[in-house]
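Read off the chains here:
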Amino acid sequence: MQTKQFFREATGLVREYGAIDTLLFASVFVFALVFTITQFPWFYGNTLGANLTGSLLLAAVPFIFLMLSYWAIGVLMPRTGNDYVWVGRILHPSIGFTWGLIYVLIVFLAAFIGAGTGPLSSAMSSIFAIYGLLANSAYFTGLGNYFGGPVGTLELSVLFTLLVAAFAIFGSKFIKAFLYATWIFAMVGMVIMWYILSTTSNSTFVGNWNTLVAGNNASYTYSALQATATNKASFPGIATGFGAIVAALPFAFLFLFGGNYANAFAGEIKNVRKSLPIALFLSLTLGLGYWIVTSTLTVSTIGFNWVTTVGYGWISGGSFPSTASYPLPYQPTQPLFLAVSAYPNQLLISLMFITYFIGSLGPLFAYFWIPSKYLFAWSFDRVIPSKFADVSARFHTPWVAVIATAVIAVIAEVLYSYLGYSSYFTMGTVLWGISYTIPGIALTVFPYVKNALFAQAPGWLGKKVAGIPLVSLIGLITTIGFGYVGFIAYSNAAITIVNLNSLELLGSMIVLGFVIFYLSKWYHRREGLDTSMALKQIPPE
């Protein structure tokens with residue numbers, strides 16, 4: 001059979017996102033109100049009170065090299081699904097697809113659910129429960145309990161998914177309007193949050209907690225919760241010193257991931273050489289400032305020892321309320337801490353809730369939107385059916401890929417709501433960091449594998465140091481840095497529980513990636529279409 005020529009037109013996507021748009025997308029991945037919901041009890045409880053500011057500043061070092069790496073690959077191959085295209089064209093297409101598949105399933109869908117729809121549902125549950133306390137209303141308390149359960153969580157998650165999917169389909173005007181509006185609410189929410197925390201002393205917080213939360217239940221008081229966690233969870237004591245900071249790095253990394261995700265739509269960014277580095281480095285800088293300020297104010301208000309000990313008791317109980325080590329019927333959420341701090345000012349509490357909720361929708365959308373870019377890129381390469389690369393002529397969006405992402409997200413939400421998330425999350429914590437070793441390796445060997453492209457590299461991307469390409473050095477440091485932190489996460493039982501299910505999940509995804517790739521290649525060859533040459537070239541815009 002005569003081999004057919006692999007022919008591709010332009011993608012149909014349009015460069016519609018400027019520098020500010022890209023910065024907002026990159027920033028919303030790094031710092032957002034929704035990420036604070038249980039972040040501080042989670043961090044301090046897991047690390048036994050390690051210095052978060054110190055861990056963040058230390059984590060910033062490898063992240064600088066990660067941003068330099070993604071600046072390089074974003075400029076050298078500014079295409080949709082950028083890092084998938086990069087890894088596939090530098091190392092091998094099958095490695096690029098398999099890496100991309102694991103990256104999307106473990107990183108983006110895990111974050112969309114585990115740091116998006118799940119926590120936002122917890123926030124809604126917490127908000128209703130707080131109104132139940134404020135108004136002594138069984139109705140609001142019941143709503144809080146319902147949306148804190150698996151059915152309510154699933155219903156809210158599906159609703160959020162359908163909402164962001166609609167905006168993803170209807171084009172850049174809707175996307176920008178949604179992003180900018182939610183950012184305005186987020187900025188107002190941040191100011192309100194910082195105002196509440198900075199004007200509330202720890203003694204005031206303790207008094208408000210005992211009045212609003214504990215009521216007549218002595219086991220819910222501020223001191224009783226700490227004593228219960230100490231006794232029932234056998235709290236081992238506060239961790240101090242530089243060793244604790246290093247051990248906490250895998251957790252600190254999760255605060256800073258995100259700015260590089262903007263590369264996934266690099267093919268849709270105007271003046272990518274200028275816009276991308278601004279977005280990468282400003283999002284990292286602003287993220288560091290946001291998390292340091294917010295954590296410092298939060299811990300100062302609610303108490304360092306208390307959040308560490310109670311957080312440890314909450315985690316020891318499986319991160320569920322109403323357990324032996326955490327008897328409180330509510331999750332230890334940031335909205336709860338803010339409501340207690342602002343009590344009895346119900347107007348301020350309501351304003352905080354409104355801005356907190358609406359301001360949390362932006363990152364939810366972003367974490368949903370990005371996976372559709374990878375589905376589009378895979379489809380454009382015909383690794384998966386080319387239908388997924390269909391772009392709406394009116395809205396310039398890959399609408400089939402968006403719908404497919406929504407379906408996959410809903411399936412994952414069902415699993416999350418009913419089967420739990422622990423193995424998925426713990427393996428995700430390791431893979432989230434270690435996944436960046438693959439683009440780092442690709443950048444390291446790039447000048448030697450793609451000599452012609454390296455010779456045309458603009459500016460600093462084509463420079464050498466002592467005869468060694470600068471981008472190779474940056475790629476190597478990125479690989480070592482993220483590989484080391486991945487090793488820390490893998491070897492720490494408090495972070496990663498390595499069991500047969502986790503290993504089977506990872507192994508099956510690796511096998512699945514290679515099977516899909518080679519089945520697709522075999523199918524197209526059987527139809528007389530050789531995709532090999534196209535998978536070695538940079539896709540057209």
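Scroll up to find the structure.
What you are looking at is a predicted structure, and each value in this text was computed from that prediction instead of being measured. (Residues numbered from 1 in each chain as written. Predicted model: local features only at pLDDT ≥ 70, side-chain atom pairs only at ≥ 80, totals over all residues. Heavy atoms only, no water.)

A few words now on the overall build of the protein. Looking only at helices and strands, one finds 23 helices and two strands in the protein. In terms of overall dimensions, the protein is globule-like: its C-alpha atoms have a radius of gyration of 24 Å, near the 24 Å expected for 541 residues. By principal-axis analysis of the C-alpha atoms, the protein measures approximately 80 × 50 × 45 Å. Of the contacts made within the protein by residues no fewer than 6 positions apart, 81% connect residues no fewer than 24 positions apart. Carbon and sulfur atoms make up 67% of the accessible area of the protein, which totals about 20800 Å². In the protein, which carries 22 positive and 13 negative side-chain charges, the distance between the mean positions of the two groups comes to 8 Å. (Helix = DSSP H or I, 4+ residues; strand = E, 2+ residues; numbered from the N terminus. Rg over C-alpha atoms; globule rule 2.2 N^0.38 Å. Contact = heavy atoms within 4.5 Å. Areas by Shrake-Rupley, 256 points an atom, 1.4 Å probe, with all protein chains shown as cover. Lys, Arg positive; Asp, Glu negative; His and termini not counted. Charge placed at Lys NZ, Arg CZ, Asp CG, Glu CD.)

Let us now look at the environment of Ser172. As for its position among the elements, Ser172 is in helix 8 (residues 171–198). Note: C-alpha distance between Ser172 and Tyr139 (33 residues apart in sequence) is 40 Å.

The terminal C-alpha atoms of helix 1 (residues 19–30) lie 17 Å apart, and with twelve residues this matches the ideal 16 Å at 1.5 Å per residue to within 8%. Of all twelve residues in helix 1, ten are buried, a share of seventy percent or more. Among the residues of helix 1, those classed as buried are Asp21, Thr22, Leu23, Leu24, Phe25, Ala26, Ser27, Val28, Phe29 and Val30. The inward-facing, buried residues of helix 1 contact helix 8, helix 12 (249–256), helix 13 (272–302) and helix 17 (361–380). (Expected span 1.5 Å × (residues − 1). Buried < 20%, exposed > 50% of the residue type's maximum accessible area, 1.4 Å probe, protein only.)

Moving on to helix 16 (residues 346–359). Taking 1.5 Å as the rise per residue, helix 16 with 14 residues should run 20 Å; its terminal C-alpha atoms sit 19 Å apart, in good agreement. Along helix 16, the residues classified as buried are Leu348, Ile349, Met352, Phe353, Thr355, Tyr356 and Gly359.

Quick look at the packing of aromatic side chains now. Applying the stated criterion across every chain yields a total of 62 aromatic pairs. Seen in terms of ring centroids, Tyr131 and Phe353 are 5.5 Å apart; in terms of plane orientation they differ by 75°. Their pairing is edge-to-face. Taken as a pair, Tyr131 in helix 5 (residues 93–135) and Phe353 in helix 16 lie far apart in primary sequence, 222 residues in all. These aromatic residues form a ring-pair network of at least three members: Phe31, Phe40, Trp42, Phe43, Tyr44, Trp183, Trp194, Phe251, Phe255, Tyr290, Trp291 and Phe304. (Phe/Tyr/Trp six-rings, centres within 6.5 Å; stacked < 30°, edge-to-face > 60°.)

Turning our attention to the nonpolar core. In terms of nonpolar packing, the biggest core is built from 163 residues, with Trp86, Trp209 and Tyr261 touching the most fellow members. Residues within four places of Trp86 in sequence aside, it is in contact with Ile73, Leu76, Met77, Pro439, Ala442, Leu443 and Phe446. Counting five residues, the second-largest nonpolar core is a separate cluster that includes Ile102, Ile106, Leu506 and Met509. (Core = buried A, V, L, I, M, F, W, Y, C linked by side-chain atoms within 4.5 Å.)

Let us now look at the packing of helix 2 (residues 39–47) against helix 13. For any two helices packed against each other, the geometry comes down to the angle between their axes and how far apart the axes lie. Where helix 2 meets helix 13, the closest approach of the two axes is 11 Å, and the angle between their N-to-C directions is 80°. With respect to their mutual orientation, helix 2 and helix 13 come out roughly perpendicular. Across the interface between the two elements, Gln39, Phe40 and Tyr44 from helix 2 touch Trp291, Thr294, Ser295, Thr298 and Val299 from helix 13. For the contact of helix 2 with helix 13, a count of residues per class yields four nonpolar, four polar and no charged. (Axes fitted to C-alpha atoms, helices over the stretch in contact; angles between N-to-C directions. Parallel < 35°, antiparallel > 145°, perpendicular 65-115°, else oblique. Nonpolar A, V, L, I, M, F, W, Y, C, P; charged D, E, K, R; others polar.)

As a further point, take the side chain of Ser126. By the element assignment, Ser126 lies in helix 5. By relative accessible area, Ser126 is classed as buried at 6%. A polar atom in the side chain of Ser126 sits 2.8 Å from the side chain of Thr333. If near-sequence neighbours (up to four positions away) are discounted, Ser126 is found in contact with Thr333, Pro335 and Leu336. (Polar contact = N/O pair within 3.5 Å; in protein donor to acceptor, adjacent residues only side chain to side chain.)

Judged by side-chain polarity, Leu91, Ile95, Ile441, Ile510, Phe514 and Tyr518 come together as a nonpolar surface patch covering roughly 450 Å² of accessible area. Top element by residues in the nonpolar patch is helix 23 (residues 500–526). It accounts for three residues. Along the chain, Ile95 falls in helix 5. (Patch = residues over 30% accessible without salt bridge, like charges linked within 9 Å, V, L, I, M, F, W, Y side chains within 5 Å. Salt bridge = Lys/Arg side-chain N within 4 Å of Asp/Glu carboxyl O.)

A separate point is the side chain of Ser295. Topologically, Ser295 is positioned in helix 13. The buried category is assigned to Ser295, whose relative accessible area is 2%. Within the structure, Ser295 has its side chain in polar contact with the backbone oxygen of Ile292 (distance 3.2 Å). Here Ser295 is in contact with Phe40, Tyr44 and Leu52, once residues within four sequence places are set aside.

Turning our attention to the packing of helix 3 (residues 52–76) against helix 20 (residues 437–449). Between helix 3 and helix 20, the least distance of the axes is 10 Å, while the angle of their chain directions is 65°. Here helix 3 lies roughly perpendicular to helix 20, going by the angle between them. For the element pair helix 3 and helix 20, the recorded crossing hand is left-handed. Facing helix 3, whose interface residues are Ser69, Tyr70, Ala72, Ile73 and Leu76, helix 20 presents Pro439, Leu443 and Phe446. For the contact of helix 3 with helix 20, a count of residues per class yields seven nonpolar, one polar and no charged. (Left-handed = near helix turned anticlockwise from the far one by under 90°.)

What follows is about the environment of Tyr374. In this fold, Tyr374 is placed in helix 17. As for Tyr374 and Ala181, which are separated by 193 residues in sequence, their C-alpha atoms are 26 Å apart. Each residue touching Tyr374, except ones within four places of it in the same chain, is listed here: Gly81, Asp83, Tyr84, Tyr103, Val104, Phe108 and Ala264. At 2.6 Å, the side chain of Tyr374 forms a polar contact with the side chain of Asp83.

Turning to the pattern of salt bridges, a few remarks are in order. Taken as a whole and judged by the stated rule, the model has five salt bridges. Its salt-bridge partner being Arg89, residue Asp381 comes within 2.9 Å of it at the nearest N-O pair. On the criterion of sequence distance, the pair formed by Asp381 in the loop between helix 17 and helix 18 (399–419) and Arg89 in helix 4 (residues 82–90) is long-range, its members being 292 residues apart. A salt bridge links Glu527 to Arg526; the shortest N-O distance between them is 4.0 Å. For Arg526, a relative accessible area of 53% gives the class exposed.

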